[in-house]
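Each chain is listed here by its residues.
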Amino acid sequence: MISPRMASGMQEKQYTPSLLSFFVYNPSFGSREGEEEKKILFYHPSEVEKNEKIRNVGLCEAIVQFTRTFCPTKPAKSLHTQKNRQFFFEAEDSFWIVMVVRNPMVEKPNKDGRPPTIEYQEEEILDTVYGAVLRECYSMYKLFNGTFGRAMEAGGVELLMQKLDKFFYRYLQTLHLQSCDLLDVFGGIAFFPLDKMTYLKIQSFVNRVEESLSLIKYTAFLYNDQLIWSGLEQDDMRILYKYLTTSLFPRHSEPELAGRDSPLRPEVAGNLLHYGRFLTGPANLKDPEAKFRFPRIFVNTEDSYEELHLIVYKAMSAAVCFMISASVELTREFCEQLDGLVGPQLTLLASDICEQYNVNRRISGPDKEPQFKFIYFNHMNLAEKSTIHMRKTASVSLTSVHPDLMKILGDINCDFARVDEDEEIIVKAMTDYWVVGKKSDQRELYVILNQKNANLIEVNGSSSHMFSWLYLLIPTLSTTFSSWTERNKGKNCTKKRERKRDGERAMDCFTTLKLSALQGVMTASV
Amino acid sequence: MSEEHYLELCENPVQFENASSVNNVFFDEANKQVFAVRSGGATGVVVKGPDDKNSVAFRMDDKGEVKCIKFSIGNKILAVQRTPKSVDFISFIPDYPHLECSQECKMKNASILGFCWTNWNEIVFVTDQGIEFYQVLPDKRSLKLLKSQSVNVNWYMYCPETAVILLSTTAQGNVLQPFAFKSGTMSKMPKFEIELPVVPKPAKPNLTERDIAVATIYGQLYVMYLKHHSRTTDSPCAEVVLYQLPREGSYKKTNVLKLNTTGKFALNVVDNLVVVHHQSSQTSIIFDIKLREPDCALNVHQPVLPGRSIHPYRIPLTGLAAVPTQPPVPCELCILYETFSPACLTCAVCSPFASGYLWYLQVKLPPTVNLLQDKGKLMDFLLRRRDCKMVILSVCAQMLNGGDKGGLPVVATVFDKLNQVYKEYLEAEQTYTVATESGPSRGSAARERPVRTQAVIDQSDMYTHVLSSFSEKKDTSHKFIIAVLMEYIRSLNQVQITVQHYLYELVIKMLVQHNLFYMLHQFLQYHVLSDSKPLACLLLSLESTYPPAHQLSLDMLKRLSTANDEIVEVLLSRQQVLGALRFIRSVGGHGNISARKFLDAARQTADQMLFYTIFRFFEQRNMRLRGNPSFIPGEHCEEHVVYFKQVFGEQALMKQVTV
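Residues numbered from 1 in each chain as written. Chains lettered and ligands numbered in written order. Predicted model: local features only at pLDDT ≥ 70, side-chain atom pairs only at ≥ 80, totals over all residues. Heavy atoms only, no water.

Labelled according to an unreviewed UniProt entry, chain B appears under the name Mic1 domain-containing protein, originating from Oncorhynchus mykiss.

In the nomenclature of an unreviewed UniProt entry, chain A corresponds to CCZ1 homolog, vacuolar protein trafficking and biogenesis associated from the organism Oncorhynchus mykiss. Comment text from UniProt for chain A, heading Sequence similarities (unreviewed entry), reads "Belongs to the CCZ1 family." (UniProt positions renumbered as here; feature names shortened; annotations may be inferred.)

Here's what the structure looks like:
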């Protein structure tokens, strides 16, 4: 899985970080000499020779054990070597997951046909990013399979190994380690900006559906891949959201974009047109062969440990997840009832939201490329917002800035994580870029500016201005952030400043956010 | 089944002596008085009205048989008709002699059909040849003719509320000519023709006064025509046709009430409802002309409720004849449904007793609740009734506690209907306030303060009578309770009514009780629970059970922008001294903050560097403010100055710069 990238002029080859191996083990399963293989529950790549597997697992075990002597509660989380980096994570009591990532490297060709020199860039990858990726692997496993412990109770090691094999075999292929960044550390949720009234309508819709279809235990409502309502607890929603937005939705949006499989169809009962359809379960209700099987998910694993059917139903851009206890068998009748009830209402609601959204967009003016880019995250509610990342696709998430800048963001984040205090960090990057990071209580904001010939004082001056309004700025963050600034730009520029360099104007606009915030805008605060 | 009787008779009927050879009984629809005239008045005239104020007894000379007798408005002047040509007047003005005079009708050969008082001293004679409008001048013992109009009259009808007289003209009697009277003026309104089901040949009076009633419904004057079934048309049932008579402009045939049966009927109007009594089945049905029928053509109405008899009335036996053990006798209402006036009276004469009774008819709302299953329609119906508040609130409570009918969609419909009325009232109030505030410059535009009817159910009514007890019900799922509360909040928001704080508190209480913090969180995130200081404080108090409440609360205080002091307090209490200072500086309030508060907080952290920083900050501030770094005695910082010296030494104090 090496994707070489051509770099400047010379015949230099760049290799991005890639997955070398991934394994799950439990040291207590083969504590006796000669039984070491029993410890290994899953190993990728599977074709690795048995003794090497045992050696690698043993090494990890030893490192963890050794580091424990320094701090019994916090054993080593990662091991840096020249060629690769290993990440350790104790997912459940004595169950360890290890991920080994090969460092990015540059292959420089040598003259005279000598083998090329390989330079490992061991400092290029961040512990926080890949540590988060590893934890997410486990969370995703747990979402669809429950905990390791439960699997052991139900069917012993065999069942657990089966489950691990089945899940990770496919899941690891979807890991794109080269494009992991700060957003993976946050693992946040994008919230859809919405006015109070429309939000209440959605509430009302959810409540009504839950009332008339009393089997439904939890409901989540999304629009445009952004969350509006979650009946699930935050942590469960976080991972479900990840699954929906990076796996399920992209899988289904492609046929839609391609124009085939037009979902418009007349509804038999009531003769109403609606656009509703199931994203999980039966593709076509009319199909007599249709299977009414839905994916199962596990939530609240800490306390009530619930297993649920996950029904995802979508009409236009609005998607609703209905979760029903797995002990209930879902029938054709139920699905038809749900389709008949939810389809028309959701279609109506979706067009309501769309209209509202377009009105807001029109108010805030045309979407232009803003002069700055930012990432915002609030630890309290996991709300995240990024103007750096393009729309995610099934395969890869694209960023619009250079990876080096992303790395700086990650570094700043690491610094923030070290202390509890509010902090602000300003970094001058190459080619006129400035990166400003600010942490205030639970919130973090990272801004990338491209301000030619600016000095630290200027950047600091404008940024202190913009961060002093952080509190007020928050409510507006969920609207089209850039558009607000565009809209207010005119007002401000006429007021002051003779120098109108691009960068400065952008900063200027940033400060005017306070105006828009004070207007008590119609959105959620995230 | 007795709780199904939605019509009842009033508790205190007007009791009068039965008509007999020596006793004549008259009824005046204008004053709602019953006159019992014994022996032509010589042995006494007893007048009884709906309340004691209107009851009078007197004697008058027997000058022949009395044909009609009525007091003017306010019992000022009594008019008595004894002959077909003239009416006698007796003045009853207090402290005035009982002067008498008589007036003959002006038109020759005319005979008086009757008369109506339109004011305390204005009277209209209706003769078979027209009408004559007089003013009575009691001190001059004479009448002054104000206006007259000649037209052939078959019969007439009077609506006292609007002072409109309806004359039946033409040979068939089906052309109705209304006249309106107002303080000395008489105006002719456009006449109109009632379409008769069968046109008799030769023409003879076919429309009788029994088939016509006049009443005001929802403030508009209506003529109701009871159209009996006709063999020629294919509709076999009787119906009531309503003609609206606006003050200006021409009449309109507006509504048709389907009676779905035939027979003898009587009409009443009670609380803007048309009540139709059917004699043979002993039942009454009601119509609300504002209630639209979805399955009927426009303005064709079916009865609101299934037909029911009037609640049985028991006449208590009083007087000497009463035996204490004997139970009250149920009144046999089968005798007569004699309605003298559509206004509000029904009269029954009970044969076993030697007296007659006159009752007001009343609509009992509670039984309608069970008879009208469609809650939306029920609300429409109730919201237009007079004493509806408690019934509506009980319907709401029942709807939420019953839990069987319709669920949330019905709850939503009901809330929307209530809040629509509530909103209209608030808007009217608002316009009134604005109008009065803008000054009484234009006297002509003086508005009347909008009347708050019982149908205005505000948030505190809803909270006190329905929601607070509902939210405490143990057997109802909290999910449903929260859904209902949110539905109410949604409904209020939909009509842009500001939601009261106590409703939010109720929602928060429910969510907290059931550990649904994430739900609460999301509501706050979308500003569903509007910002307020009390709400922010409530959130702050939740911090120990749900840490994110801290940030939510601070954000809210910040958005309020009037709560900077509170924010500082919160930050200081969490020992975020620097944060508090940064904040207060960012909002520009650091010039006059209490240094002591910050220094106290910094001391408590036991962080000496922090204390140093804070101390230095205030020294610099003092410098800027007063040109001297030392604290003034009023700030009570001596203790901290001593501590500072003790820890950092005297020389660490900031020196005053002397120029």
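Considering the overall build of chain B
A count of helices and strands for chain B gives 15 helices and 31 strands. Taken over 659 residues, chain B has a buried fraction of 51%. Considering only intrachain contacts with a sequence separation of at least 6, the fraction spanning at least 24 residues in chain B is 51%. Accessible surface for chain B amounts to roughly 30800 Å². Of this, 52% is attributable to carbon and sulfur atoms. (Helix = DSSP H or I, 4+ residues; strand = E, 2+ residues; numbered from the N terminus. Buried < 20%, exposed > 50% of the residue type's maximum accessible area, 1.4 Å probe, protein only. Contact = heavy atoms within 4.5 Å. Areas by Shrake-Rupley, 256 points an atom, 1.4 Å probe, with all protein chains shown as cover.)

As for the confidence of the model for chain A
Residues and elements named next belong to chain A. Per-residue confidence for chain A gives a mean pLDDT of 76; residues scoring 70 or more make up 77%. Here residues 258-271 scores under 50 on pLDDT; set against residues more than four positions off or in separate chains, the count is 20 contacts. In the model, residues 468-526 has pLDDT below 50 throughout and makes 130 contacts with residues more than four positions away in sequence or in other chains. (pLDDT = per-residue confidence, 0-100.)

Quick notes on the sheet that holds strand 22 (residues 443-450) of chain A
Residue and element names in this part refer to chain A. One open sheet holds the five strands; their spatial order is 19-18-22-21-20, and the pairing between them is antiparallel. Two strands lie at the open edges of the sheet, namely strand 19 (383-386) and strand 20 (423-428), each paired on one side alone. Here the average twist between neighbouring strands, direction ignored, is 10°. Here strand 21 (residues 433-440) pairs with strand 22 via eight bridges, running antiparallel. Of the residues in strand 22, the one forming a bridge with Trp 434 is Leu 449. Together, strand 18 (372-378), strand 20, strand 21 and strand 22 form the strand contacts of helix 8 (residues 403-418), whose direction differs from that of strand 21 by roughly 25°. (Pairing = 2+ DSSP bridges. Axes fitted to C-alpha atoms, helices over the stretch in contact; angles between N-to-C directions.)

Observations regarding the side chain of B:Lys32
Residue and element names in this part refer to chain B. Examined against the element boundaries, Lys 32 turns out to sit in the loop between strand 3 (23-28) and strand 4 (33-38). Despite its burial, Lys 32 pairs with no opposite charge; the closest candidate is Glu 161, at 5.2 Å N-O. In terms of polar contacts, Lys 32 uses its side chain to reach the backbone carbonyl oxygen of Glu 29, at 3.0 Å. (Lys, Arg positive; Asp, Glu negative; His and termini not counted. Salt bridge = Lys/Arg side-chain N within 4 Å of Asp/Glu carboxyl O. Polar contact = N/O pair within 3.5 Å; in protein donor to acceptor, adjacent residues only side chain to side chain.)

Side note on helix 6 (residues 478-494) of chain B
Helical geometry: 3.6 residues make up each α-helical turn, so side chains three or four residues apart lie on a common side. All names here are of chain B. In this model helix 6 runs 24 Å from its N-terminal to its C-terminal C-alpha over 17 residues, within 8% of the 24 Å that 1.5 Å per residue would give. Most of helix 6 sits inside the fold, with 14 of its 17 residues counted as buried. After helix 6 finishes, the residue Gln 496 shows a positive phi value of roughly 55°. (Expected span 1.5 Å × (residues − 1).)

Concerning the pattern of salt bridges
Residues and elements named next belong to chain A. Scanning the entire structure with this criterion turns up 36 salt bridges over all chains. A salt bridge links Asp 415 to Arg 418, with the shortest nitrogen-to-oxygen separation between them at 3.2 Å. In this pair, Asp 415 and Arg 418 are both assigned in helix 8, three residues apart and thus about one turn of the helix distant. The class for Asp 415 is partly exposed, based on a relative accessible area of 29%.

Regarding the packing of helix 12 (residues 577-586) of chain B against helix 14 (residues 608-626) of chain B
Residue and element names in this part refer to chain B. Between helix 12 and helix 14, whose axes approach to 10 Å, the crossing angle comes to 25°. Judged by the inter-axis angle, helix 12 sits roughly parallel to helix 14. In the crossing of helix 12 with helix 14, the sense of the turn from one axis to the other is left-handed. Facing Val 577, Leu 578, Leu 581 and Arg 585 of helix 12, the residues of helix 14 in contact are Leu 610, Thr 613, Ile 614, Phe 617 and Phe 618. For the contact of helix 12 with helix 14, the residue count by class is seven nonpolar, one polar and one charged. (Parallel < 35°, antiparallel > 145°, perpendicular 65-115°, else oblique. Left-handed = near helix turned anticlockwise from the far one by under 90°. Nonpolar A, V, L, I, M, F, W, Y, C, P; charged D, E, K, R; others polar.)

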